[in-house]
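# Structural features, examined
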Amino acid sequence: MAKIDAANTLMFGSESDAIYLSEYTKDLLNSVTALDSAVPTSMEDMGWISEDGLSINLNDSSDKIKGHQGHGTVRLYMSDSTTQLEVSLLEAKAKTLGWNFDATVEKIQGQGGKPDYAKVVAPSARAARDFTGLVDGFDTANSTTQWRILFPRLTLGEREGIAMKVGELTVFKFTLEVIGGFTILTNHPAMIPA
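Residues numbered from 1 in each chain as written. Predicted model: local features only at pLDDT ≥ 70, side-chain atom pairs only at ≥ 80, totals over all residues. Heavy atoms only, no water.

## Section: the pairing of strand E4 (residues 73-89)
Regular strands show a simple pattern: their side chains alternate between the two faces of the sheet. As paired elements, strand E3 (residues 49-66) and E4 share 14 bridges and run antiparallel to each other. Within E4, the position partnered with Leu54 by the bridge is Val87. Here E3 folds back onto E4 in antiparallel fashion, the turn holding 6 residues, of which Gly70 has a positive phi close to 70 degrees. (Pairing = 2+ DSSP bridges. Helix = DSSP H or I, 4+ residues; strand = E, 2+ residues; numbered from the N terminus.)

Okay, structure coming up:
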């Protein structure tokens, strides 16, 4: 009979889930060695995440080499393998807007008692941008169960349009290519090797 344990399942979406981003800084995450290590102060808490959450997308494709006899497969090799972090952000912060548009954002002092405002200068074509990222995720059934995912280097390439619609929140979708790997720290009991 199968050995099953519902306690081994995971469901994220707690109030403490968060994603932090900063401009890429080599070795920025070296001080993050534990689940309770302080998040580096240069990292921006990106705020509300859409109800779709975050996803780590594994994009793999493989090719088969077939032999002459019977045209059977004799070897399989990975012809392409990449990893992406995908998240839709709901808060229209200065850094979110600037990074998404590849723009400069500056504060303009209001004159004659008028409030300050932001000036966003965006190019018509964008360049790839490098980031450092950290994700904290907590199980909704047991808030002490945590995943902390460290992304020393992420690259934002393709962006999606930003819609302004009645009855819908404006969403800033970030699809970030993982460069050089990532690390997951977790205290989930079933994931700790015996």
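## Some thoughts on the environment of Leu169
Looking at where Leu169 falls in the secondary structure, it is placed in the loop between strand E8 (146-159) and strand E9 (172-178). C-alpha of Leu169 to C-alpha of Glu91: the two residues are 78 residues apart in sequence and 9.2 Å apart in space.

## Focus: the pattern of salt bridges
The full count for this structure, using the stated rule, is 9 salt bridges. The salt bridge involving Arg129 is made with Glu23; its shortest N-O contact spans 2.8 Å. Separated by 106 residues along the polypeptide, Arg129 in strand E7 (residues 129-138) and Glu23 in strand E1 (residues 18-23) bring together distant segments of the chain. Accessibility expressed as a relative area gives 17% for Arg129, which makes it buried. For Glu44, the salt bridge identified is with Lys95, shortest N-O distance 4.0 Å. With Glu44 in strand E2 (residues 44-45) and Lys95 in helix H1 (residues 94-101), this pair connects stretches of sequence that are 51 residues apart. Relative accessible area serves as the criterion here: at 38%, Lys95 is assigned to the partly exposed category. One salt-bridge network, in which partners are shared between bridges, spans Glu23, Asp102 and Arg129. (Salt bridge = Lys/Arg side-chain N within 4 Å of Asp/Glu carboxyl O. Buried < 20%, exposed > 50% of the residue type's maximum accessible area, 1.4 Å probe, protein only.)

## What about the packing of aromatic side chains?
How two aromatic rings sit relative to each other is given by the distance of their centres and the angle of their planes. Going through the model one piece at a time under the given rule, you end up with 3 aromatic pairs. An angle of 65 degrees between the planes, with centres 5.5 Å apart, marks the rings of Phe12 and Trp147 as edge-to-face. Highlighted residues: Phe12 in the segment before E1 and Trp147 in strand E8, separated in sequence by 135 residues. Directly above the aromatic system of Tyr24 lies the positively charged group of Arg153, at a separation of 4.6 Å from the ring centroid. (Phe/Tyr/Trp six-rings, centres within 6.5 Å; stacked < 30°, edge-to-face > 60°. Lys NZ or Arg CZ within 6 Å of the ring centre and 35° of its normal.)

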